[in-house]
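Now for the letters of each chain:
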Amino acid sequence: MTLTALAIIGKPCLAAYRPSPWAPAHATFYGDGTASETIGGACGYGNLFSNGYGTDTAALSTTLFNNGFACGTCYQIKCVQSKWCYPSVKFTTVTATNLCPPNWSKDSNNGGWCNPPWVHFDMSKPAFMKIAQWKAGIVPVMYRRVPCVTRGGLRFKFQGNGYWLLVYVMNVGGGGDIAKMWVKGSKTGWISMSHNWGASYQAFATLRGQSLSFKITSYTTKETIICWNVAPANWNLGWTYSTNVNFH
């Protein structure tokens with residue numbers, strides 16, 4: 001279940017995130033044309049379709065994944081220097097939702113595409129097919145980080161138990177990433193949350209019966225925003241709570 005709560009910015013927005021320079025990499029794809037195999041993933045976004053990410057997603061090699069801090073980041077990718085490229089397509093845009101783990105049993109130039117220090121995108125098949133023919137298997141690409149353009153505000157999905165709150169943060173705009181996060185109950189001060197994995201943060205605290213607010217700092221821009229009263233005092237685990245504030 002998803003609920004929408006009032007949230008306001010903690011301080012004025014800083015300058016919007018700007019695209020990075022283009023850089024070389026390679027891209028492959030995983031799964032089939034339905035992109036069903038992309039559901040789940042190391043970032044913890046769950047069902048990418050119902051949570052707004054769709055099929056324009058990619059798994060990042062370890063070099064890019066940054067221990068999960070790159071979850072939610074967005075990239076423009078264009079196919080280059082291959083007969084399989086679609087020359088009329090300038091680029092496609094994807095969101096990082098998964099990790100492409102190393103395969104140490106294979107050489108980095110022959111199947112171990114995601115082995116460090118390679119910069120690699122393992123795209124959903126529908127996303128890959130926007131820039132190249134699927135029969136290519138692997139193509140050289142140019143990529144750059146770009147602002148994540150989202151609809152609506154940040155969304156918080158709750159998991160855990162009565163003594164442990166695990167929060168997955170979704171639909172992050174701007175740089176798309178998170179460096180730090182705090183939670184505040186209506187009866188507590190700000191409690192620092194630790195990075196669990198992917199796009200999840202955790203607090204070991206008893207917060208039942210309190211309305212919850214969150215403070216979040218962007219990993220890339222260092223901007224901090226506060227979302228007040230995200231969840232009411234009768235919040236439930238397994239529910240997703242939406243706000244009307246986001247990074248830009």
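Look above for the structure.
All of these numbers come straight from a predicted model, not from anything done at the bench.

Each value, and the rule that gives it
- Residues numbered from 1 in each chain as written.
- Predicted model: local features only at pLDDT ≥ 70, side-chain atom pairs only at ≥ 80, totals over all residues.
- Heavy atoms only, no water.
- Salt bridge = Lys/Arg side-chain N within 4 Å of Asp/Glu carboxyl O.
- Helix = DSSP H or I, 4+ residues; strand = E, 2+ residues; numbered from the N terminus.
- Buried < 20%, exposed > 50% of the residue type's maximum accessible area, 1.4 Å probe, protein only.
- Disulfide = S-S within 2.5 Å.
- Phe/Tyr/Trp six-rings, centres within 6.5 Å; stacked < 30°, edge-to-face > 60°.
- Lys NZ or Arg CZ within 6 Å of the ring centre and 35° of its normal.

A.B. asks: Mind laying out the pattern of salt bridges, listing which residues take part and the relevant values?
C.D. replies: It is possible for side chains of opposite charge to pair when their charged atoms get near one another. In this structure the tally under the stated criterion is 2 salt bridges. The salt bridge partner of Lys 130 is Asp 56, with a shortest N-O separation of 2.8 Å. Of this pair, Lys 130 sits in the loop between helix H2 (125-128) and strand E7 (139-146) while Asp 56 sits in the loop between strand E2 (23-30) and strand E3 (57-61); the two residues are 74 residues apart in sequence, bridging distant segments of the chain. Lys 130 sits in the partly exposed class, given a relative accessible area of 37%. For Asp 56, a relative accessible area of 24% translates into the label partly exposed. Across the pair Arg 145 and Asp 177 runs a salt bridge, and its minimum N-O distance is 3.7 Å. Of this pair, Arg 145 sits in strand E7 while Asp 177 sits in the loop between strand E9 (164-170) and strand E10 (180-185), and the two are 32 residues apart along the sequence.

A.B. asks: Break down the state of the cysteines for me, citing the residues and quoting the values.
C.D. replies: All chains considered together, the criterion is met by 4 disulfides. Note on cysteine connectivity: Cys 43 is disulfide-linked to Cys 71, with sulfurs 2.0 Å apart. Residues Cys 43 and Cys 71 share a disulfide whose torsion about the S-S bond is about -90°; that sign makes it left-handed. You can see Cys 43 sitting in the loop between E2 and E3 and its partner Cys 71 sitting in the loop between helix H1 (62-65) and strand E4 (74-79), a full 28 residues away along the chain. Each member of the pair, Cys 43 as well as Cys 71, is classed as buried. Each disulfide pairs two cysteine sulfurs, and for Cys 100 the partner residue is Cys 114, the sulfurs being separated by 2.0 Å. Between Cys 100 and Cys 114 the disulfide shows an S-S torsion of about 90°. By sign, it is right-handed. Of this pair, Cys 100 sits in strand E5 (residues 92-100) while Cys 114 sits in the loop between E5 and strand E6 (120-124), placing them 14 residues apart in sequence. Accessibility expressed as a relative area gives 10% for Cys 100, which makes it buried.

A.B. asks: An account of the packing of aromatic side chains is requested, with residue identities and associated values reported.
C.D. replies: The description of an aromatic ring pair rests on the distance of the ring centres and on the angle between the ring planes. Under the definition given, this model contains 15 aromatic pairs. For the pair Tyr 75 and Phe 121, a centre-to-centre distance of 5.2 Å together with 65° between the ring planes defines the contact as edge-to-face. On the criterion of sequence distance, the pair formed by Tyr 75 in strand E4 and Phe 121 in strand E6 is long-range, its members being 46 residues apart. The class for Tyr 75 is buried, based on a relative accessible area of 3%. On the basis of relative accessibility, which here comes to 0%, the residue Phe 121 falls in the buried class. Ring geometry for Trp 239 versus Tyr 241: centroids 6.3 Å apart, planes at 35°, classification tilted. Among the residues examined, Tyr 241 registers a relative accessible area of 1% and is labelled buried. Every member of this aromatic cluster is reached through a ring pair, and the members are Phe 156, Phe 158, Phe 214, Trp 235, Trp 239 and Tyr 241. A cation over an aromatic ring shows up here: Lys 125 above the ring of Trp 134, its NZ or CZ 4.7 Å from the ring centre. Sitting over the ring of Trp 235, Arg 208 keeps its end group 4.6 Å from the ring centre.

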